[in-house]
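Structure at a glance
What follows is the residue order along each chain.
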Amino acid sequence: PGICYRLYSNGLLSKMSVYNEPQLLISPLEEVILYLKSLNIQNIFNFKFLNKPDNELINQALISLNTIGALSICNNENQINKKENIVLNFLNKNNTDNNHYKDEYEITPLGRLMVKFPLSPFISKILITSKIIKKYEYKEKNINYWCLK
């Protein structure tokens, strides 16, 4: 019962995959990783994803979150050794062994604030920073106003 109208031929239909590719594998990982860190997941590389992204993509997301201040390197070891591990992780791209990659990051207070926004961490950082700058400009204007009076 009913009629089915297709916008493509049977040949195209047979070439299409049965399922769409999982969104986790085609979207940026920064938001997911920041959320997992806010849930106190210590090692993202050992997390049981349904469709696990490549370890190199996880590592790049951790580095970019560290760059914007959402994550920081843990303080329980020597800082130089940790930076060396980051460089080694980056240089050894072909090694897919989970033990090779080390997640030595912890979430910062800024990162906890960024998680509350349903946005990309980069956009939420912009919003938080603009709010801080606006508050500072407002105080500066008030001080100038009262000083000139």
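Structural data are supplied above this passage.
This write-up is about the structure you can find in this document. (Residues numbered from 1 in each chain as written. Predicted model: local features only at pLDDT ≥ 70, side-chain atom pairs only at ≥ 80, totals over all residues. Heavy atoms only, no water.)

1. Section: the overall build of the protein
For the record, the criterion: Where helices and strands are cited, they refer to DSSP runs of H or I of at least four residues and of E of at least two residues respectively, numbered from the N terminus. Each residue's exposure class comes from its accessible area (1.4 Å probe, protein chains only) as a fraction of the maximum for that residue type: buried when under 20%, exposed when over 50%, partly exposed otherwise. Every residue pair with non-hydrogen atoms within 4.5 Å of one another is taken to be in contact. Using the Shrake-Rupley algorithm and a 1.4 Å probe, accessible areas are obtained, with residue cover drawn only from the displayed protein chains.
Counting secondary structure elements, the protein contains seven helices and two strands. Counting only residues that meet the buried cut, the protein has 27% of its 149 residues in that class. Pairs at least 24 residues apart make up 64% of the contacts formed inside the protein by residues separated by at least 6 positions. Summed over all atoms, the accessible surface of the protein reaches about 11,100 Å², with 59% contributed by carbon and sulfur.

2. Let's talk about unusual backbone geometry
If a residue is not glycine, its phi is most likely negative; likewise, a peptide bond is most likely trans. For Asn40, which is not a glycine, the phi torsion comes out positive at approximately 65°. Relative to the assigned elements, Asn40 resides in the loop between α3 (30-38) and α4 (55-67).

3. So, the packing of α3 against α4
Packed helices, taken two at a time, are described by the angle between their axes plus the distance between the axes. To keep things clear, this is the line we draw: Comment: axis = line fitted to C-alpha atoms, over the contacting stretch for helices; angle = value between 0 and 180 degrees taken between N-to-C directions. Put simply, angles under 35 degrees are roughly parallel, angles over 145 are roughly antiparallel, angles from 65 to 115 are roughly perpendicular, and the rest are oblique. Under the scheme applied, nonpolar residues are Ala, Val, Leu, Ile, Met, Phe, Trp, Tyr, Cys and Pro; charged residues are Asp, Glu, Lys and Arg; polar residues are all the others, including Gly.
At a minimum axis distance of 9 Å, the contact between α3 and α4 shows a crossing angle of 75°. It follows that α3 is roughly perpendicular to α4 by the angle criterion. On α4, the residues touching Glu30, Ile33, Leu34 and Lys37 of α3 are Ile58, Ala61, Leu62, Ser64 and Leu65. The residue inventory of the contact of α3 with α4, partitioned by class, reads six nonpolar, one polar and two charged.

4. What to know about the nonpolar core
The cut-off we apply is this: Only buried residues count toward a nonpolar core, which is a set of Ala, Val, Leu, Ile, Met, Phe, Trp, Tyr and Cys residues joined through side-chain atoms within 4.5 Å.
Ile33, Leu34, Ile58, Leu62, Leu65 and Leu71 are the most contacted members of the largest nonpolar core, which has 21 residues in total. Take this core: its biggest share by element is four residues, from α4. Non-local contacts of Leu71, meaning those with residues more than four positions away in its chain, are made with Leu34, Lys37, Leu62, Leu65, Asn66, Tyr105, Glu106, Ile107 and Thr108.

5. Topic: the pattern of salt bridges
The test is simple: Salt-bridge detection follows one rule: a side-chain nitrogen of Lys or Arg within 4 Å of a carboxyl oxygen of Asp or Glu.
Considering all chains together, one arrives at one salt bridge under this definition. Note that Asp103 and Lys37 form a salt bridge whose closest N and O atoms lie 2.8 Å from each other. You can see Asp103 sitting in the loop between α5 (79-91) and β2 (105-107) and its partner Lys37 sitting in helix α3, a full 66 residues away along the chain. Overall, Asp103 belongs to the buried group, its relative accessible area being 12%. According to the relative accessible area criterion, Lys37 is buried, its value standing at 4%.

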